[in-house]
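Now for the letters of each chain:
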There are 2 protein chains.
Amino acid sequence: MVVSPAALVDAAVIDPRIVRSRAAILRATANLLIESGSAGVTIEGIAERSGVAKTTIYRHWKSRSQLVFDAFESLLHPVAAYTQTGTLRQQLEAVLSQLSRGVTVSEWAPAISALIEAGDRDPELRQLVHDFLFVRMEHGRDALRAAIRGGELRADIDVDVAVGVLVGPIFYRRLVSREPLNDSVVAEIVDQFLRDSKP
Amino acid sequence: MVVSPAALVDAAVIDPRIVRSRAAILRATANLLIESGSAGVTIEGIAERSGVAKTTIYRHWKSRSQLVFDAFESLLHPVAAYTQTGTLRQQLEAVLSQLSRGVTVSEWAPAISALIEAGDRDPELRQLVHDFLFVRMEHGRDALRAAIRGGELRADIDVDVAVGVLVGPIFYRRLVSREPLNDSVVAEIVDQFLRDSKP
DNA sequence: CAGAAGAGCTACGATACCGTAGCGTAGTGG
DNA sequence: CCACTACGCTACGGTATCGTAGCTCTTCTG
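None of these values were measured; they are calculated from a predicted model.

(A) Region of interest: the interface of chain A and chain B. Across the boundary between the two partners, chain A contributes 32 residues, which contact 32 residues of chain B. Top contributing element to the side of chain A that touches chain B by residue count: helix α9 (residues 159-177) of chain A, with 13 residues. Here the residues of the side of chain A that touches chain B are counted per class, giving 14 nonpolar, 7 polar and 11 charged.

The structure is reproduced here in structure tokens:
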């Protein structure tokens, strides 16, 4: 059942059938999430889509919400490695540009609104989303803090507000106004931010 | 059935029973939307909640999505009247402050994520949300344009990006980071924007 | 290669909704 | 006061999904 503690310690010992099933189930769930949102995910739909029997799904997950959670996680997990080099402007533009691509053309981009909506109701999912974003934002926050220390930015800037000013417009365009989201918009956002925030 | 063209012209002629039923249905639908999101709305749920028979609901709306649409609309419709006076800073702070209250403590605040998620899938709803927001943003846009003409802001500002920079952080905090959203944050956002954007 | 364990398959009973029909009741407006 | 109309109620047949049970078949593992 599920995964024994011993198996967690020695991963090589996991029955490959389990690995296959879990992977197929998660993949199918993620695809359904992307296509139909959180509400469109049904166990029977996953079974059909994945080719895995419904009973097998229940063998591995005891609740639908746990499965949805894990599927979200599998969708989000691959964290891109940032290389933090260049000027502050370059770093910010790189982060924001990557973010805009993430929310528009990435594999999980279609699931963003479902993710946010689900997070609004499910505290567990909320935490997941929060952690996911927090990790990514941390790079940007670091860059800002370093810039403040280095005198590139005014010292009285609230880093959290600054992050909001930088990434907020990205999410706003993706979720609310649905205006195009390209590198020139990103440049304008960074521009506006930097012009202001010098000491 | 529904509402005859004649009745639209002479509103006094509408059978009060119809008015009552429609109001009760819309109210119940809106409440369900707020509580359970778009997917949580079922005809039978509405019937139970409103005290209106299921058959009556079908008499007035031919599809569930139309009803959801109308319910959203009824929820959003009351447009607050802005009084555009004071300095640019005061106007911006007033608009953003009202927006932050709108997305956090208003009656429809709990439905925002559902609204956005539904809009991601249903083009009709997308248009509704877009129009709704566009109308409200128009005040802010006007204020910005006037300020540019009046020389209070740099002339090379992209008004749409500027709107994003101003309201983006609000939505970001509400939907993504879930950080607190109060007037001091609003002030900081406006501050940052204005300090930069002077000619 | 033999025992163990995972997976597939079918078939359930149980819910929850759907959308419609038929019929009696009650509120409305001339 | 009477004809009209909206409404409520009950009862459907139909679909989708749930979560479980029992059994067989396949695939690992040692």
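Structure's up, so let's keep going.
(B) Main features of the confidence of the model for chain A. Overall, the prediction assigns chain A a mean pLDDT of 87, with 88% of residues at 70 or greater. Counting interchain partners and residues more than four positions distant, the pLDDT-below-50 stretch residues 1-11 of chain A has 5 contacts.

(C) Structural view of the packing of helix α5 (residues 64-76) of chain A against helix α8 (residues 123-149) of chain A. Residue and element names in this part refer to chain A. Two elements in contact, α5 and α8, have axes separated by 10 Å at closest approach and are oriented at 10°. For the element pair α5 / α8, the angle class is roughly parallel. Within the contact between the two elements, α5 uses Phe69, Phe72, Glu73 and Leu76 and α8 uses Glu124, Leu125, Leu128 and Phe132.

(D) Region of interest: the protein's contact with DNA strand D. Inspection of the region around DNA strand D gives 21 residues, with Thr42 and Ile43 of chain A together with Ser21, Ala53 and Thr56 of chain B positioned closest. Elements represented by at least two residues in the surface near DNA strand D include exactly α2 (16-36), α3 (43-50) and α4 (54-60) of chain A together with α2 (16-36) and α4 (54-60) of chain B. Taken together, the residues that form the surface near DNA strand D break down as 6 nonpolar, 7 polar and 8 charged.

(E) Highlighting the nonpolar core. Ranked by size, the top nonpolar core spans 102 residues in total, and within it Leu96, Phe171 and Ile189 of chain A together with Leu96, Phe171 and Ile189 of chain B carry the most contacts. Ignoring sequence-local partners within four residues, the contact set of leucine 96 of chain B consists of Leu166, Val167, Ile170, Val186, Ile189 and Val190 of chain B.

(F) Region of interest: the relation of the copies chain A and chain B. Of the two same-sequence chains, chain A is brought onto chain B (RMSD 0.1 Å, axial shift 0.0 Å) by a rotation of 179°. The operation mapping one copy onto its partner corresponds to a two-fold rotation axis. Taken as a fraction of all interface residues of chain A, those also at the interface in chain B reach 100%, which identifies the copy contact as same-surface.

(G) Molecular detail of the protein's contact with DNA strand C. Ser21, Ala53 and Thr56 of chain A together with Thr42 and Ile43 of chain B are the nearest of the 21 residues found near DNA strand C. For the surface near DNA strand C, the secondary structure elements donating two or more residues are α2 and α4 of chain A together with α2, α3 (43-50) and α4 of chain B. Split into classes, the residues belonging to the surface near DNA strand C amount to 6 nonpolar, 7 polar and 8 charged.

(H) Local environment of the environment of leucine 26 of chain B. Residues and elements named next belong to chain B. Note on placement: leucine 26 falls in helix α2. Residues leucine 26 and isoleucine 46, 20 residues apart in the sequence, show an inter-C-alpha distance of 8.7 Å. Ignoring anything within four residues of it in the chain, the contact list for leucine 26 reads Asp70, Ala71 and Ser74.

(I) Representation of helix α6 (residues 88-104) of chain B within the structure. Here α6 of chain B contains 17 residues, and its C-alpha end-to-end distance of 24 Å stays within 8% of the 24 Å for a straight helix at 1.5 Å per residue. Turning to α6 of chain B, its buried residues number three or more, namely Gln91, Leu92, Ala94, Val95, Leu96, Leu99 and Ser100 of chain B.

Thresholds applied
- Residues numbered from 1 in each chain as written.
- Chains lettered and ligands numbered in written order.
- Predicted model: local features only at pLDDT ≥ 70, side-chain atom pairs only at ≥ 80, totals over all residues.
- Contact = placed C-beta atoms within 7 Å.
- Helix = DSSP H or I, 4+ residues; strand = E, 2+ residues; numbered from the N terminus.
- Nonpolar A, V, L, I, M, F, W, Y, C, P; charged D, E, K, R; others polar.
- pLDDT = per-residue confidence, 0-100.
- Axes fitted to C-alpha atoms, helices over the stretch in contact; angles between N-to-C directions.
- Parallel < 35°, antiparallel > 145°, perpendicular 65-115°, else oblique.
- Near = placed C-beta within 6 Å.
- Core = buried A, V, L, I, M, F, W, Y, C linked by C-beta atoms within 7 Å.
- Buried ≥ 20, exposed ≤ 12 C-beta atoms within 10 Å, placed from the backbone.
- Least-squares fit on C-alpha atoms with pLDDT ≥ 70 in both.
- Expected span 1.5 Å × (residues − 1).

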